[in-house]
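# Fold and geometry: a report
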Amino acid sequence: MDRSVQQTDFDALSYKMAAISKGYLPSVQQTATCCYKNYKETHLEYCNTLKKLNRRAYSRVHNACRSLLPVMNYGTYLRTESVDVELHKFLERYGERAQVVNLGCGSDLRMLMIMDAFENVRYVDIDFQASVKLKKDVLIINERLKQQIKVGDGFSEDRIVTDRYVLVPGDLRNGAEICSLLKEFTSRDVPTIIITECVLCYLSDDSSKNIIDVVISFYEHGEWISYDPIGGADNNDRFGIIMQANLRESRRLEMPTLMMYNSKETYASRFPYNSSIKTMWEYYESDISSKEKQRLKTLQFLDELEELEILLSHYIILITSW
């Protein structure tokens, strides 16, 4: 089961690289509002180095760039932009006093853009040991990326620890272990933003409740961005049931709470404070400008708007503060 969940990181990287290759990313917001630089070049550097270390993972990325359907590229575009915009809003409010913790970080390279845009922000990545080791190896082997995060000699077999960037292994099912890492590498009195992208959906209900409680109890003030699928609450909505069946058959993978937190309202209830929550379809309709929608239409021909609406209606972005 652990290996199956870890493999989803390569899916996420594949989807992101496909969206980059087709021109969806970086978006106008990422470049103008979030001040992201060298977005495409950084991701290409990472993947080219990944090819030397894990050809199977690289092949998955390469194949996705050629074959991924437009609806999936739209989904990746919206997932990436929505998280980046909310992250940027938080960092704009708190600036250099803030710290970022990405739980289940996988191969995400957001830290490189954030560390470039905000000179003193501390960024902490946590994930399974195997995922962390591979990411560490890529970052260390590639000289440009290594210099970008100013690694120096601040690394060992399965971690990177510098003044501004930390990449360490941790099991999100073990609240005590995560709490220990937070104590070691972050400050509880500094405004902190937590990111979980398609993470809580792979945890049991008890584990997800525990990690939410541990993190929110630890920091005096913070914000949490969570991106996840929801199963669908309508009796005629079989999206979640079909999704679960496909994952079990093809990947031996479970999403234990997909149907438990199957709507915006039930998903938001897992957090102890009032939250802002939107489906990706609602985000697309309300937060993407007409000009940007028109740009997206020029990238790939999309003939099934109804299919896009169904897909995007089953993914949410939640923001909660305390």
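See the structure above.
Here's what I pulled together on the structure shown here. (Residues numbered from 1 in each chain as written. Predicted model: local features only at pLDDT ≥ 70, side-chain atom pairs only at ≥ 80, totals over all residues. Heavy atoms only, no water.)

Between helix 3 (residues 39–53) and helix 4 (residues 55–67), whose axes approach to 6 Å, the crossing angle comes to 140°. By the angle class used here, helix 3 and helix 4 are oblique. Of the residues in helix 4, those in contact with C47, N48, L50, K51 and L53 of helix 3 are R55, A57, Y58 and V61. Counted by class, the contact of helix 3 with helix 4 contains six nonpolar, one polar and two charged residues. (Axes fitted to C-alpha atoms, helices over the stretch in contact; angles between N-to-C directions. Helix = DSSP H or I, 4+ residues; strand = E, 2+ residues; numbered from the N terminus. Parallel < 35°, antiparallel > 145°, perpendicular 65-115°, else oblique. Contact = heavy atoms within 4.5 Å. Nonpolar A, V, L, I, M, F, W, Y, C, P; charged D, E, K, R; others polar.)

Moving on to helix 13 (residues 280–287). Of the residues making up helix 13, those classed as buried are M280, W281, Y283 and Y284. With its buried residues spanning 160° around the axis, helix 13 presents them on a single face. Looking at the buried positions of helix 13, the neighbouring elements they touch are helix 5 (70–94), strand 7 (222–229), strand 8 (275–279), helix 14 (290–299), helix 15 (305–312) and strand 9 (315–321). (Buried < 20%, exposed > 50% of the residue type's maximum accessible area, 1.4 Å probe, protein only. Arc of directions from axis to C-beta.)

Turning our attention to the nonpolar core. Nonpolar side chains in soluble globular proteins generally cluster together in the buried interior. Judged by nonpolar contacts, the single largest core of 75 residues is most densely connected at L87, L91, L139 and Y165. Those residues in contact with L91, other than ones at most four positions away along the chain, are A98, V100, I114, F118 and V121. In this structure, V166, L172, F185 and A268 belong to the second largest nonpolar core, which totals 33 residues. (Core = buried A, V, L, I, M, F, W, Y, C linked by side-chain atoms within 4.5 Å.)

Attention now moves to the packing of helix 9 (residues 175–185) against helix 10 (residues 205–218). As a packed pair, helix 9 and helix 10 sit with axes 9 Å apart at the nearest point and diverge in direction by 25°. Taken together, helix 9 and helix 10 sit at an angle that is classed as roughly parallel. Once helix 9 is placed against helix 10, the crossing between them reads as right-handed. Contacts between helix 9 and helix 10 pair G175, I178, C179, L182 and K183 from the former with N210, I211, V214, V215 and F218 from the latter. Residues that form the contact of helix 9 with helix 10 fall into these classes: seven nonpolar, two polar and one charged. (Left-handed = near helix turned anticlockwise from the far one by under 90°.)

The next thing to look at is the pairing of strand 9. The buried count for strand 9 comes to six of seven residues, which makes it a mostly enclosed element. Across seven bridges, the pairing between strand 7 and strand 9 is antiparallel. Within the sheet, the bridge partner assigned to W224 lies in strand 9 and is T320. As paired elements, strand 8 and strand 9 share five bridges and run antiparallel to each other. (Pairing = 2+ DSSP bridges.)

Let us now look at the packing of aromatic side chains. How two aromatic rings sit relative to each other is set out by the distance from centre to centre and by the angle between their planes. Summed over the entire model, instances satisfying the criterion amount to eight aromatic pairs. Seen in terms of ring centroids, W224 and F271 are 5.4 Å apart; in terms of plane orientation they differ by 70°. Their pairing is edge-to-face. Here W224 is found in strand 7, whereas its partner F271 is found in the loop between helix 12 (264–268) and strand 8, with 47 residues between them in sequence. Note on accessibility: W224 and F271 belong to one class, buried. Members of the aromatic cluster, connected to one another through ring pairs, are Y24, Y74, W281 and Y284. The ring of F218 carries the charged tip of R188 above its face, separated from the ring centre by 5.7 Å. K293 extends its terminal NZ or CZ atom over the ring of Y284, reaching a point 4.9 Å from the ring centre. (Phe/Tyr/Trp six-rings, centres within 6.5 Å; stacked < 30°, edge-to-face > 60°. Lys NZ or Arg CZ within 6 Å of the ring centre and 35° of its normal.)

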